[in-house]
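Residue strings, one per chain:
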Amino acid sequence: MIFFDKVSKIYPAHLNKKENIVFKDIFLRIEKGEFVLITGKSGAGKTTLFRLLIGEEKPTKGKIYFEDKDLSKIGHGKIHTIRRKMGIIFQDYKLLSTKNVYENISYIMEALGVPDKDIERNVPELLELVGLESRAYHYPDELSGGEKQRVAIARALVCNPDVILADEPTGNVDPYYTMDIINLLLKINEKGTTVLLATHDKDIVNSLDKRVVTLSDGVIVRDEMGGKFRL
Amino acid sequence: MVLLLEMKWEVNLDYNIMFTILKRTLKLAWNNLKHNSGLFLVAVFAIAIVLIFTTFAFVIQDFAQSVSSEIKQKVSVSVYFKDGVDEDTIMDVKSGLEELPDVVDVSYTSTEDALDSFIQRYKNDPLLMAALAEVGNPFPASISVSSDSVEGYDAIVYFLEDSPSQVFFEKIDYGQRKPIIEDLFYITDTVKKAGLLIAVIMSLIAILVVFNIIKSSIRGMRDEISIMRLVGVSRNFLFASFAFQGLIIGLFGIALSFLITIALVFLFGEDVKSIVFGLDVANYLEENSVFLLQVHVFVAFMLGVISSILAVTRYLKV
């Protein structure tokens, strides 16, 4: 489903900054329906991995395939077709502050041309799924970190994605809500959606008994089924 | 948890969907403008100012044109013929003048016509009428020629001075007027060029102002634009919504400029008419309303839409 074929990402030297090698010739294959934890220290490249997958960044070398499509051959004008197959959850939520919870979910469906009646049916269902049906008309500023992240999860599910990319989804969330969010991702995975979860939370990694890919110094140092948190 | 499986919908690219998407881009454009209402109003005001400048540039241009042609019509070279020159000779000279380039009018006044005209003008002055009765008809036949360029007048005088009929001329009334004609043409040409230059400079400044206002309003939305792109909103959808934003700004700009222009004409139109004789702004606007509306729609939409599209393009490269 996802294949990183000898991918390198190098940021060239700039003014006082030295050349930054984020990835060097990495291979990574993820199959449909997997739940994969991506771990590593801060700056190990977890976020860059996701940015390469959604086409926000281009690899310096190598190719990335998503559902057998070479992402380097998809231009800015068409990249949204790939992004719609990937539900993205950002650590900083990336909610639109001028839209309420309902609108933060509905605008993507609106842009897709989904009929109004389907939007009116699906958005409340999504809000119910993430437990925010009573907060539909609140704005992001009025929500807690955990609630914002649940809105982001609902938004990620809106296009029925084949894969969920969750970048440190619990990073800014109260520990009380952390397991709520992880359980939600597990349930989504149970329905057949592939989940890539980037985290450096030791407890989460150790409690899940899932495939763990550990990044360090630009390479994959470990890739283990049922792996544990080891940097 | 059965919800995830049920979340399927059909997205067919039929006309209904196209219409729905179009309607939503318009809705997004309107909502964006509402959220940036301060900058929206400034942009509308800036476009209205450009349109008002444009309107009054046309009014002044038209007025200058009519004044200039009126003055030019009043300037002419006159040839006075000696007594007893027959009308055929005069008509030959007239046809020769009519063939010259840049000549706009050649008129012949016979001795009788000149006398009639004089009598008409001074019939109420018994002293003059009595003197006229004493001397008979003192007025020579004449031809009056006018041109629309300095070169045209040069050609007329060259033609007359070189003409074999020159022996029949009593006088060519050109010498005294030459400097006036040259000055007049110089002044009207300079006024036209300066007016055009000022209009172009003002328009460029206004265009830059409008562009920068729209650019800063879109810059303020760059995070929203990039989030929308990252979660799968297509570039065309955002492109269209910002083009609509420009269109709405243009539309409001037209409406505001219309209201301001009407108010200005209503408040100061009569004063302007009495100070600058013959400058009837209200009349000009009424006579040229269709043309001006076309210019306004073109200028406002081009400014709004092109500024929006140029400004948003860089933020869509996500």
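Residues numbered from 1 in each chain as written. Chains lettered and ligands numbered in written order. Predicted model: local features only at pLDDT ≥ 70, side-chain atom pairs only at ≥ 80, totals over all residues. Heavy atoms only, no water.

Enquirer: It is not clear to me how the side chain of B:S234 should be interpreted in this structure. Could you clarify?
Expert: The residue B:S234 is located in the loop between helix 9 (222-230) and helix 10 (235-275) in this model. Owing to a relative accessible area of 11%, B:S234 belongs among the buried residues under this scheme. A distance of 3.2 Å separates a polar side-chain atom of B:S234 from the backbone nitrogen of B:F237. If we skip the residues at most four places from it in the chain, B:S234 touches A:H80, A:R84 and B:R229. (Helix = DSSP H or I, 4+ residues; strand = E, 2+ residues; numbered from the N terminus. Buried < 20%, exposed > 50% of the residue type's maximum accessible area, 1.4 Å probe, protein only. Polar contact = N/O pair within 3.5 Å; in protein donor to acceptor, adjacent residues only side chain to side chain. Contact = heavy atoms within 4.5 Å.)

Enquirer: Please explain the interface of chain B and chain A as it appears in this structure.
Expert: Accessible area lost on assembly of the parts is the figure often given for the size of an interface. In this assembly, 29 residues from chain B lie in contact with 40 residues from chain A. Counting across the interface, chain B meets chain A through 2 salt bridges. Put simply, B:K27 and A:E110 hold a salt bridge, and the shortest N to O gap is 3.0 Å. Our count for the chain B to chain A interface comes out at 8 residue pairs in polar contact (both at pLDDT 80 or more). (Salt bridge = Lys/Arg side-chain N within 4 Å of Asp/Glu carboxyl O.)

Enquirer: Is there a simple way to think about a positive patch on the surface in this case?
Expert: Residues B:R219, B:R222, B:R314 and B:K317 make up a contiguous surface patch of positive charge. For B:R222, a relative accessible area of 41% translates into the label partly exposed. (Patch = residues over 30% accessible without salt bridge, like charges linked within 9 Å, V, L, I, M, F, W, Y side chains within 5 Å. Areas by Shrake-Rupley, 256 points an atom, 1.4 Å probe, with all protein chains shown as cover. Lys, Arg positive; Asp, Glu negative; His and termini not counted. Charge placed at Lys NZ, Arg CZ, Asp CG, Glu CD.)

Enquirer: I tried to follow the pairing of strand 8 (residues 194-198) of chain A on my own but got confused; where do I start?
Expert: Put simply, side chains in a regular strand alternate between the two faces of the sheet. Residues and elements named next belong to chain A. With 5 of 5 residues buried, strand 8 is to be regarded as a mostly interior element. Of the two faces of strand 8, the one carrying T194, L196 and A198 and the one carrying V195 and L197 are both buried. Note that strand 7 (residues 163-167) and strand 8 share 5 bridges and pair parallel. When the bridges of strand 8 are listed, A166 appears paired with L197. On the question of chirality, the crossover connecting strand 7 to the parallel strand 8 by way of helix 6 (residues 175-190) is right-handed. (Pairing = 2+ DSSP bridges. Right-handed = clockwise from strand over helix to strand, strands pointing away.)

Enquirer: Even after reading the chapter, I still don't get the pattern of salt bridges, so can you show me in this structure?
Expert: Pairing between side chains becomes possible if they bear opposite charge and their charged atoms approach one another. Residues and elements named next belong to chain A. Inspection of every chain in the model, using the stated rule, returns 14 salt bridges over all chains. R51 is paired through a salt bridge with E57; the nearest N and O atoms lie 3.4 Å apart. By relative accessible area, R51 is classed as partly exposed at 30%. Take E57: its relative accessible area is 15%, and that puts it in the buried class. A salt bridge links D70 to K63, with the shortest nitrogen-to-oxygen separation between them at 3.4 Å. With a relative accessible area of 10%, D70 lands in the buried category. Overall, the relative accessible area of 35% leaves K63 in the partly exposed class. One network of salt bridges, with partners in common, ties together K9, R51, E56 and E57.

Enquirer: When you look at unusual backbone geometry in this model, what are you seeing that I'm missing?
Expert: For residues besides glycine, phi is generally negative; the peptide bonds are generally trans as well. Residues and elements named next belong to chain A. Of note in the backbone geometry, D25 takes a positive phi value of approximately 50° without being a glycine. Position of D25 among the secondary structure elements: in strand 2 (residues 20-30). With a relative accessible area of 32%, D25 lands in the partly exposed category. Positioned with a positive phi, D209 is a non-glycine residue whose angle comes to about 60°. With respect to the helices and strands, the residue D209 is situated in the loop between helix 7 (202-208) and strand 9 (211-216).

Enquirer: Can you walk me through the sheet that holds strand 4 (residues 169-173) of chain B in this structure?
Expert: Strand pairing in a sheet takes place through backbone hydrogen bonds and is either antiparallel or parallel in direction. All names here are of chain B. Taken together, 4 strands build an open sheet; the order of strands is 2-3-1-4 and the sheet is antiparallel. With one partner strand each, in any of the chains shown, strand 2 (103-109) and strand 4 form the two edges of the open sheet. Direction aside, neighbouring strands of the sheet carry axes that sit 15° apart on average. In the sheet, strand 1 (residues 77-81) pairs with strand 3 (residues 142-147) via 4 bridges, with the strands oriented antiparallel. From the neighbouring strand, V77 faces strand 3, where its bridge partner is V145. Across the sheet, helix 4 (residues 87-98) is in contact with strand 1, strand 2, strand 3 and strand 4; its angle to strand 2 comes to roughly 170°. Relative to the sheet, helix 7 (residues 150-161) contacts strand 1, strand 2, strand 3 and strand 4, its axis offset from that of strand 3 by approximately 150°. (Axes fitted to C-alpha atoms, helices over the stretch in contact; angles between N-to-C directions.)

Enquirer: Would you take a moment to explain the packing of helix 2 (residues 15-35) of chain B against helix 10 of chain B for this structure?
Expert: Between two packed helices, what matters for the description is the angle formed by their axes and the separation of those axes. Residue and element names in this part refer to chain B. For the pair helix 2 and helix 10, the least separation of the axes is 8 Å and the interaxial angle reads 60°. Between helix 2 and helix 10, the crossing angle belongs to the class labelled oblique. Where helix 2 crosses over helix 10, the handedness of that crossing is right-handed. In this structure, helix 2 uses I21, L22, R24, T25, L26, L28, A29, W30, N32 and L33 to contact helix 10, whose residues at the interface are F237, L238, A240, S241, F242, F244, Q245, I248, I249 and F252. Its residues assigned to classes, the contact of helix 2 with helix 10 shows 15 nonpolar, 4 polar and 1 charged. (Parallel < 35°, antiparallel > 145°, perpendicular 65-115°, else oblique. Left-handed = near helix turned anticlockwise from the far one by under 90°. Nonpolar A, V, L, I, M, F, W, Y, C, P; charged D, E, K, R; others polar.)

Enquirer: Help me out: how do you make sense of helix 2 of chain B in this one?
Expert: One turn of an α-helix holds 3.6 residues; hence residues three or four places apart share an orientation. Between its first and last C-alpha, helix 2 of chain B extends 30 Å over 21 residues, near the 30 Å set by a 1.5 Å rise per residue. Residues of helix 2 of chain B that are buried include every one of B:I17, B:T20, B:R24, B:T25, B:L28, B:A29, B:N31, B:N32 and B:L33, and no others. (Expected span 1.5 Å × (residues − 1).)

Enquirer: Quick question: what am I supposed to make of helix 4 of chain B here?
Expert: Residues and elements named next belong to chain B. Given a rise of 1.5 Å per residue, 12 residues ought to cover 16 Å, and the 16 Å separating the end C-alpha atoms of helix 4 matches this to within 8%. Among the residues of helix 4, those classed as buried are T89, I90, V93, K94, G96 and L97. What you see down the axis of helix 4 is that its buried residues fit within an arc of 160°, all on one side. Of the residues in helix 4, the exposed ones pointing more than 90 degrees away from the buried face are D88 and D92. Where helix 4 is buried, its residues contact strand 1, strand 2, strand 3, helix 7 and strand 4. Measuring from the backbone nitrogen of D88 back to the side-chain oxygen at the start of helix 4 gives 3.2 Å, which picks out D86 as the cap. (Arc of directions from axis to C-beta.)

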